[in-house]
Amino acid sequence: MKILAIAAGWVTLSLSASLSAQPEAPFPLTGDEGASESYDLALGHNRTRMTVPVSVDGQGPFNFVIDTGAERTVIASSLAERLRLAPGDGVTMHSMSGVDFVPTVVIPRLSVSARKTVTDIQAPALEEAHLGAIGMLGVDSLAAQRVTFDFKNSRMTVMPSNEARKKSYDNAIVVTARSRFGRLVLVDAKLDGQKVWVVIDTGSEVSVGNSVLRAKLEKRRRLKETQPIEMTSVTGDRIMADYTRADELTLSGVTVKDMPIAFADVSPFEKLELTDKPALLLGMDALRAFSLVSVDFADRKVRFITSQPGENGKVRFAGLR
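Parameters and conventions
- Residues numbered from 1 in each chain as written.
- Predicted model: local features only at pLDDT ≥ 70, side-chain atom pairs only at ≥ 80, totals over all residues.
- Heavy atoms only, no water.
- Helix = DSSP H or I, 4+ residues; strand = E, 2+ residues; numbered from the N terminus.
- Contact = heavy atoms within 4.5 Å.
- Phe/Tyr/Trp six-rings, centres within 6.5 Å; stacked < 30°, edge-to-face > 60°.
- Buried < 20%, exposed > 50% of the residue type's maximum accessible area, 1.4 Å probe, protein only.
- Lys NZ or Arg CZ within 6 Å of the ring centre and 35° of its normal.

## A closer look at the environment of Ala 241
Looking at the element boundaries, Ala 241 is found in strand β23 (residues 238-251). A sequence separation of 23 residues divides Ala 241 from Ala 264, and the C-alpha atoms of the two residues are 5.1 Å apart. Excluding residues that lie within four positions of it along the chain, Ala 241 makes contacts with Gln 227, Pro 228, Ile 229, Met 231, Ala 262, Phe 263 and Ala 264.

This is the structure we're talking about:
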């Protein structure tokens, strides 16, 4: 039996709030189409998450959420039915709310550009309303790649890691990560002075800390007043979390000030074997504080660029959204 980890979810501050999928858009492809294997894709937006146009078995494009915290690509069951994709084997899946046995479908070909195609994907098929998009692009489609999120210009660049190493970014702060079950984990990190394991998770709208991290902050008297919120997972299940702000998250030479954080023992911590360590899923709310974030899966490097020159790696989160 295969076990998958799907870390994506979103946070709502009211019980009735929900997400709807973005409309389908043209399949933009720009940049050099010569010898380089890199490509740029114009990005759509799904609240604080980002979407990219994807071709499924030669049809589309369809706007998929980009999720560096998900082990597998996921597709909406409505789209799978529309495309008449064959059923695959059921899998046990870890989502924000727990562990579920879910059906899969076989995607013969999935393309994020005319040059990048992944074949024979067994993708969990979930309800579109719960995904918040028509699909979710996981690390199985991004392995051995460097993915750059250019928030300032709303663009994503994807290129093979060995090709990307020839490129450099001005003012970039490079943080070395560990690979843990396919995800990148930053271990040289502190939240309000407490050492913490940080997982880069672009599929989650909010950053989530576990109870071990919360207890450590409480002991240091660094935990601010919390407010209850509800989180909805990709399976549609709901869990409660306590929402607050941290004064400072430091990632090597990178600092995020006044960062929102929700505390809940969500299932991905168990899947990543981080239940006994202070840990944090770093979501899009924190990542969007930067002008650019580059995630290199093969080289295990994460690059951060601040919005303005001379900030020395320090950014301030503007406020709760």
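## What to know about the packing of aromatic side chains
Tallied over the full model, the rule gives two aromatic pairs. Centre to centre, the rings of Phe 149 and Phe 151 are 6.2 Å apart; their planes meet at 10°, and the pair counts as stacked. Judged by relative accessible area, Phe 151 falls into the buried class, the value being 10%. Measuring from centroid to centroid gives 4.9 Å for Phe 290 and Phe 304, while their planes differ by 45°, and the two rings are tilted. Placement of Phe 290 in the loop between α6 (284-287) and β26 (292-296) and of Phe 304 in strand β27 (residues 301-305) is noted, with a sequence separation of 14 residues between them. For Phe 290, a relative accessible area of 3% corresponds to the buried category. The ring centre of Trp 197 lies 5.5 Å from the NZ or CZ of Lys 277, which sits over that ring.

Remember, this is a structural readout, not a statement about activity or role.
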